[in-house]
Amino acid sequence: MNYDVILFTDLQSVCGHSKPLAAYRLATELRNSQFTVKVIDYAVRWFTDKNLLFELLQTIVGPNTLFIGFSSTFFSSLPSYHGKYANEEIKFKLACFDNILTNYPCPPQDFLDITKKIKNDWPTVKLVYGGSRTNQIDLKVCETIDFVVNGFADYSIIALARHLKFGTGLSVKKSSHDPCVIDHDMLAADLNFRNCVTSYQETDHIRPGEVLSLETSRGCMFKCKFCSYPLLGRKKNDLGYHKTTETIAKELEENWKKYRVQNYIFTDDTLNETTEKLQQIYQAIKTSGVDLRFSAFVRLDLLERFPEQIPLLKKMGLRSVFFGLESLNDESLKVIGKGIKSEKIIKTLNLCRKEWPEINIHTNYIIGLPKETPDTLNNWINWVISDDNPADSFRFNTLRISRQSYWQSEFSIDPFKFGYVLKDNGWANEIWDSTQVDKLVYEYTKKAYLSKRLKIGDLDVMNMVNLGYTFENIKYLSYNDLNLNKLYLQNEKIFRDYVKSLFDFEKLH
């Protein structure tokens, strides 16, 4: 079957794969506007097997095809690790640092060569680049890209499709050598978000019981100084960015009836903005009749202020939680806008552990924040990797300050105000620089890995559920315990099953 629009997407690690939301969100809106759409998952695997990729394109590209799109947000440099797992150093790097995000689904020169061949084989088909990494696109590498779409593209993607099919007007920015940039509606402000459902079709090849993503709201009521997400500082009760109870229930019920889906990754920047919001989602879950199990991003300081949320989240079906704690240095927390002190963080973590014995608790930390020094870091980071820490898993990340994104954090707008000087390879302040911090992150992470204190966490929990593991299996599993050979074979089988399902379907339609 030939499609009007083809979208490539990906979200994978050594621990497995999950379907990201954005491409399927756009596919739903395009389908509602009577365009046929094929979403192709596992983009990295397709683009590293050129023969397989072009066999696919020859099957689904036709005279009606308007454009092929690339959802860049979760492209990664997933390495080929088959046969290398005997080396402990390789295993450590793969397990802990395999999800390094990249701008393209393959090496830059390969991407250029492939897109040139696509343009040569199908000269009328446009190439479109979107997602959160559009400002990092290398125009020399991507000289074949016709359009760049910035921001939430729920509406702008329809305008582009109609322009290419019917010749309707399209608002773009264009210079002599660059692609056309579409950025006039980056927040999709006119979208009826409250009532929009992301619907999956047979062409999306959803496996029975597969983990899917679900958004119940967009934006965040907070405005952390380091954060560059869109819609920061949104009013917590701005109903335009919250789905109705009925809409959430409809989406859950539809996915259960069609695919027996009960495991979800909630993509809300902050799920627990208010207790009222959680209660509405809980009502939607009860209305749908689905025994939900989900992973979510939750603010610990809100749990400290509103402890009634802790048992409520458990009743809703929380099985894996991500806490962005960032630091346990009180001075750093104050500068970045976190409204909680380390003493209360630890107290609330212990309360969550007591109330959630079966839930995977993941904590995230940023190293190199203002007021942090090697001494202050050492004061708290050894506690994090000790058995006294009630969290199951954690991850240390070096602070990144970038001006390449179209969404800007306060750090990136005025780094000097916070004591940073930007350099070609990162940043520096009067204490240290990002290269030194990178080394410390590596050393502390490896210490935790070798002690088996570094348990499976974050999105890897749901990735492994996608491979058939139970939450009970995963909870006490460390990265050090991973059998990379087994994981490789499991991931390979699921990908090959996906490829077979895709080609079998296309041959019959």
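Up top is the structure these notes are about.
Residues numbered from 1 in each chain as written. Predicted model: local features only at pLDDT ≥ 70, side-chain atom pairs only at ≥ 80, totals over all residues. Heavy atoms only, no water.

**Some points on the environment of D49**
Put simply, the rule reads: Note on conventions: DSSP H or I runs of at least 4 residues are helices, E runs of at least 2 residues are strands, and numbering of each starts at the N terminus. Burial classes follow relative accessibility: with a 1.4 Å probe on protein chains only, a residue under 20% of its type's maximum area counts as buried, one over 50% as exposed, and anything between as partly exposed.
Inspection of the secondary structure assignment puts D49 in the loop between α2 (43-47) and α3 (50-60). Overall, the relative accessible area of 28% leaves D49 in the partly exposed class. Separated by 436 residues in the primary sequence, D49 and N485 have C-alpha atoms spaced 21 Å apart.

**Looking at the pairing of strand β4 (residues 37-40)**
Selection rule: One requirement defines pairing of two strands: DSSP has to find at least two bridges between them.
Of the two faces of β4, the one holding V37 and V39 and the one holding K38 and I40 are both buried throughout. The pairing of strand β1 (residues 5-8) with β4 spans 4 bridges and is parallel. In the sheet register, L7 faces β4, and the bridge partner there is V39.

**Side note on the sheet that holds β4**
Rules: The axes are straight lines fitted to the C-alpha atoms, using for helices just the contacting stretch, and the angles between their N-to-C directions are given from 0 to 180°. Between two residues, a contact is recorded if the distance between any of their heavy atoms is within 4.5 Å.
Spatially, the 6 strands line up as an open sheet ordered β4-β1-β5-β6-β7-β8, and their pairing is parallel. Bordering the open sheet on either side are β4 and β8 (180-182), each of which pairs with just one other strand. Neighbour-to-neighbour, the strand axes of the sheet open up by a mean angle of 20°, direction not taken into account. Judged from the 4 bridges that link them, β1 and strand β5 (residues 67-71) form a sheet pairing that is parallel. By the bridge assignment, L7 is partnered in β5 with G69. Contacting β1, β4 and β5, helix α1 (residues 22-32) crosses the sheet at an angle of about 175° to β4.

**Considering the packing of aromatic side chains**
Stated formally: Between the rings of Phe, Tyr and Trp (Trp by its six-membered ring), a pair exists once the centres lie within 6.5 Å; its type follows the angle of the planes, with under 30 degrees stacked, over 60 edge-to-face, and the other angles tilted.
Counted under the stated rule, the structure contains 24 aromatic pairs. Seen in terms of ring centroids, F54 and W122 are 6.4 Å apart; in terms of plane orientation they differ by 5°. Their pairing is stacked. Taken as a pair, F54 in helix α3 and W122 in the loop between α5 (108-121) and β6 (126-130) lie far apart in primary sequence, 68 residues in all. The same class applies to F54 as to W122, namely buried. Both rings, one in F323 and one in W356, keep their centres 6.4 Å apart while their planes meet at 10°; by these two values the pair is stacked. In this pair, F323 is assigned in strand β12 (residues 318-326) and W356 in the loop between α12 (342-355) and β13 (360-367), connecting sequence segments 33 residues apart. With respect to burial, F323 and W356 carry one shared label: buried. Ring pairing ties together the aromatic residues F8, F47, F70, Y104, F111 and Y129, which thus form one cluster.

**Observations concerning the nonpolar core**
Basically, it comes down to this: In this text, buried Ala, Val, Leu, Ile, Met, Phe, Trp, Tyr and Cys residues form a nonpolar core when linked through side-chain atoms within 4.5 Å.
Judged by nonpolar contacts, the single largest core of 156 residues is most densely connected at F8, W46, F323 and W356. The element that contributes the greatest number of residues to this core is helix α18 (residues 484-508), accounting for 9 residues.

**Section: the pairing of strand β14 (residues 393-398)**
Put simply, the rule reads: Look down the strands so they point away from you; if the path from the first strand over the helix to the second goes clockwise, the crossover is right-handed.
Of all 6 residues that make up β14, 5 are buried, and the element is covered over most of its length. One ladder, built from 6 bridges, connects β13 with β14; its direction is parallel. Across the sheet, residue T363 finds its bridge partner in β14, namely F394. Of the crossover connections in this fold, the one passing from β13 over helix α13 (residues 374-384) to the parallel β14 is right-handed.

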